Amino acid sequence: MSSHHFVKEGQEPALIIAEATAAPFEKIQELLEWSPTVIVMEPALPVVLSWGIKIDVAIVSLSTMETWKKTLHEQGPLKLLSHSDEESIATAFYFLLASKQNSTYVVATWGSPLLSLIGQFQDRISVAIMAGKTRWTFFPSGKYNKWMPANTQIEIFIHPHQVEKLVTEEEGMINIERSSPFWIGTEW
């Protein structure tokens, strides 16, 4: 009996690489194991190209489109999308929604500009932000239930002025409930 699983197109989370150096490459490689749709923002393209991985979608400015067409020719087939300066990551989310993708990982530095932009899409697509060695996942229901090993460090981000930290004392189910949506940060 084979242990291989067949995954339909679009079922596995996509991977948006907004900042190639925001997480260790070894961790990003783990995300690539299921062959997700890989979307790369223009600032990350030079580093991602040096990794030698297949890019499915590149999002670049209209002014650099022709240069990137030539540079990315070897990556074909590839979708090359343009954006306005403020909306590069929004362009990635619109592409995923049009492709009927329901979840994505975003490799980027953790911070409020990213959070406010992603906030526009949280009700339509499940998002996990991979920043450094922390995986941030949004829980719109205000409820989080998961089995955790002992000594797991957890951060609960409700808004910039309300961040809670806790460490599990023993292994088992952890249940967190708040009256509003929140992000959970755990090591990945």
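Residues numbered from 1 in each chain as written. Predicted model: local features only at pLDDT ≥ 70, side-chain atom pairs only at ≥ 80, totals over all residues. Heavy atoms only, no water.

1. A closer look at the nonpolar core
(1) Moving on: By size, the foremost hydrophobic cluster in this structure holds 28 residues, and its most contacted members are Ile 16, Ile 39, Phe 93, Ile 129 and Trp 183.
(2) Moving on: At the level of secondary structure, the elements contributing two or more residues to this core comprise β1 (14–17), β2 (38–41), β3 (57–61), α4 (88–98), α5 (112–118), β6 (126–131) and β7 (134–139).
(3) Moving on: No other element matches the six residues that α4 contributes to this core.
(4) Moving on: For Ile 39, the residues in contact, after removing those within four places along its chain, are Leu 15, Ile 16, Ile 17, Val 57, Ile 59, Ala 92, Phe 95 and Leu 96. (Core = buried A, V, L, I, M, F, W, Y, C linked by side-chain atoms within 4.5 Å. Buried < 20%, exposed > 50% of the residue type's maximum accessible area, 1.4 Å probe, protein only. Helix = DSSP H or I, 4+ residues; strand = E, 2+ residues; numbered from the N terminus. Contact = heavy atoms within 4.5 Å.)

2. With respect to the pairing of β3
(1) Moving on: When you tally the buried positions in β3, you get five out of five residues, the bulk of the element.
(2) Moving on: In terms of strand pairing, β2 meets β3 through three bridges, oriented parallel. Each bridged residue has a counterpart across the sheet, and for Met 41 the counterpart in β3 is Ile 59.
(3) Moving on: Following the backbone out of β2, through helix α2 (residues 45–51) and into the adjacent parallel β3, one traces a crossover that is right-handed.
(4) Moving on: Following the chain from β3 across helix α3 (residues 65–71) to the adjacent parallel strand β4 (residues 79–83), one finds a crossover that is right-handed. (Pairing = 2+ DSSP bridges. Right-handed = clockwise from strand over helix to strand, strands pointing away.)

3. Some remarks on the sheet that holds β4
The strands making up a sheet associate through backbone hydrogen bonding, with each pair oriented either parallel or antiparallel.
(1) Moving on: A sheet is described by the order of its strands in space; here ten strands give the open sequence β4-β3-β2-β1-β5-β6-β7-β12-β9-β10, paired in mixed fashion. Every interior strand has two partners, whereas the edge strands, β4 and β10 (162–167), have only one. Neighbour-to-neighbour, the strand axes of this sheet turn through a mean angle of 20 degrees, independent of strand direction.
(2) Moving on: Along the sheet face, helix α1 (residues 25–32) touches β1, β2, β5 (103–107) and β6 and points at about 150 degrees away from the line of β1. (Axes fitted to C-alpha atoms, helices over the stretch in contact; angles between N-to-C directions.)

4. Some words on the pairing of β6
(1) Moving on: β6 sits mainly inside the fold: five of its six residues count as buried.
(2) Moving on: Pairing of β5 with β6 involves five bridges; the strand directions are parallel. Bridging across to β6, Ser 103 finds its partner in Ser 126.
(3) Moving on: Relative to β7, β6 is paired through four bridges, and the arrangement is antiparallel. Residue Met 130 lies in a different strand from β7, and its bridge partner there is Arg 135.
(4) Moving on: Taken together, β6 and the strand that follows it, β7, pair antiparallel across an intervening segment of two residues, in which Gly 132 is found at a positive phi of about 65 degrees.

5. Concerning the packing of aromatic side chains
(1) Moving on: All told, the structure shown has ten aromatic pairs when counted by the stated rule.
(2) Moving on: With a centroid separation of 3.9 Å and 10 degrees between ring planes, the pair formed by Trp 110 and Trp 136 is classed as stacked. Placement of Trp 110 in the loop between β5 and α5 and of Trp 136 in strand β7 is noted, with a sequence separation of 26 residues between them.
(3) Moving on: Overall, Trp 110 belongs to the partly exposed group, its relative accessible area being 23%.
(4) Moving on: Ring plane angle 85 degrees and centroid distance 5.3 Å describe the contact between Trp 110 and Phe 157, whose orientation is recorded as edge-to-face. On the criterion of sequence distance, the pair formed by Trp 110 in the loop between β5 and α5 and Phe 157 in strand β9 (residues 153–159) is long-range, its members being 47 residues apart.
(5) Moving on: Put simply, the rings of Trp 110, Trp 136, Phe 138, Phe 157 and Trp 183 touch in pairs and so form one group of aromatic residues. (Phe/Tyr/Trp six-rings, centres within 6.5 Å; stacked < 30°, edge-to-face > 60°.)

Interpretation note: all reported values are geometric properties and have no functional meaning in isolation.
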